[in-house]
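As a plain string of letters, each chain reads:
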Amino acid sequence: MSGHRLALYTFGQFRMRADHPDVEPFHEAEPGVWAAMERAEGFIAHSGYEDEPGPDSWGEQVFPKYWQDNGDGWAPSTISLWQDLETALAAVYRGIHADILRQGERFMRDDPDYPGYVLWWVAEDHRPDWTEAVGRLERLGDEGPSPDAFTFKAAFDPAGQPLSADGAAARRIAERNRLRADAPKAVQ
């Protein structure tokens, strides 16, 4: 969408501490998931984390009011920026990220009391920080979908009008992402 980018914040909670052996599949998959996301069509950028290699953190990492510390002071959460709804949808629900989502019940709590992600539009010169992202997730949890905080199923365009993701376009993008992921880096 001209002049805008789609922000995506995800939040989850492990069933046990992050260092528990049952969570190892998540940690083992994480570098490959990020590599696939970074190569995906429509990906713009993502926040890193304090004291970890990779991109800079977009401010001090905070967690939403739903967070329950399980003794390790941590919960998996991300902020990323995307070209549009379909490119984000393709990257999240297809490919390697979808594979780890399907395994989530093994190590992630399924809590219907809060949303697992939130989407919102930002100006192309704006980079949301963790506090803004958490605020959007909490707004979605408290008030439901709105132009300021929405989901893939109940989305809005940058002007605030209801928007439906083009599923066929997302599938075509996902296929191009798969081909890109399978190609040697020199070809990409």
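The rules behind the values
- Residues numbered from 1 in each chain as written.
- Predicted model: local features only at pLDDT ≥ 70, side-chain atom pairs only at ≥ 80, totals over all residues.
- Heavy atoms only, no water.
- Helix = DSSP H or I, 4+ residues; strand = E, 2+ residues; numbered from the N terminus.
- Buried < 20%, exposed > 50% of the residue type's maximum accessible area, 1.4 Å probe, protein only.
- Salt bridge = Lys/Arg side-chain N within 4 Å of Asp/Glu carboxyl O.
- Axes fitted to C-alpha atoms, helices over the stretch in contact; angles between N-to-C directions.
- Parallel < 35°, antiparallel > 145°, perpendicular 65-115°, else oblique.
- Left-handed = near helix turned anticlockwise from the far one by under 90°.
- Contact = heavy atoms within 4.5 Å.
- Pairing = 2+ DSSP bridges.
- Phe/Tyr/Trp six-rings, centres within 6.5 Å; stacked < 30°, edge-to-face > 60°.

K.L.:
Just give me the short version of unusual backbone geometry, but keep the residues and values in it.
P.N.:
Although it is not a glycine, D51 adopts a positive phi angle of roughly 60°. Here D51 lies in the loop between β2 (43-46) and β3 (77-82).

K.L.:
Go over helix α2 (residues 85-93), please, and point to the residues and values.
P.N.:
With eight of its nine residues buried, α2 lies for the most part within the structure. Taken residue by residue, α2 has L85, E86, T87, A88, L89, A90, A91 and V92 as its buried positions.

K.L.:
Hey, could you go over the pattern of salt bridges for me, with residue numbers and the actual values?
P.N.:
For the coordinates displayed, the defined rule picks out six salt bridges. In this structure, D19 engages R17 in a salt bridge whose closest nitrogen and oxygen atoms are separated by 3.1 Å. Note on R17: relative accessible area 34%, which makes it partly exposed. Put simply, R139 and D148 hold a salt bridge, and the shortest N to O gap is 3.3 Å.

K.L.:
I'd love a proper account of the packing of helix α1 (residues 24-39) against helix α3 (residues 95-103), names of residues and values included.
P.N.:
Here α1 crosses α3 at 155°, and the two axes come no closer than 9 Å. With respect to α3, the element α1 is oriented roughly antiparallel. When the axes of α1 and α3 are compared, the crossing they make is left-handed. Contacts from P25, F26, A29, G32, V33, A36 and M37 in α1 reach I96, H97, I100 and Q103 in α3.

K.L.:
Explain the sheet that holds strand β4 (residues 117-123) to me, and be specific about the residues and the numbers.
P.N.:
Taken together, four strands build an open sheet; the order of strands is β2-β3-β1-β4 and the sheet is antiparallel. With partners counted over all chains shown, the strands left at the sheet margins are β2 and β4, one partner each. Recorded for the sheet is a direction-independent mean angle of 25° between the axes of neighbouring strands. In this structure, strand β1 (residues 4-11) lies alongside β4, joined through seven bridges in antiparallel fashion.

K.L.:
Explain the packing of aromatic side chains residue by residue, including any values.
P.N.:
Counted by the stated rule, this structure contains 13 aromatic pairs. With 5.1 Å between their ring centres and 80° between their planes, F14 and F26 make a pair best called edge-to-face. Here F26 lies in helix α1 and F14 lies in the loop between β1 and α1, a separation of 12 residues in the sequence. Accessibility assignment for this pair places F14 and F26 in one class, buried. With 6.0 Å between their ring centres and 65° between their planes, F150 and F156 make a pair best called edge-to-face. Judged on exposure class, the residue F150 and its partner F156 are both buried. Each member of the aromatic cluster is reached from another via a ring pair, and the members are F11, F63, Y66, W67 and Y114.

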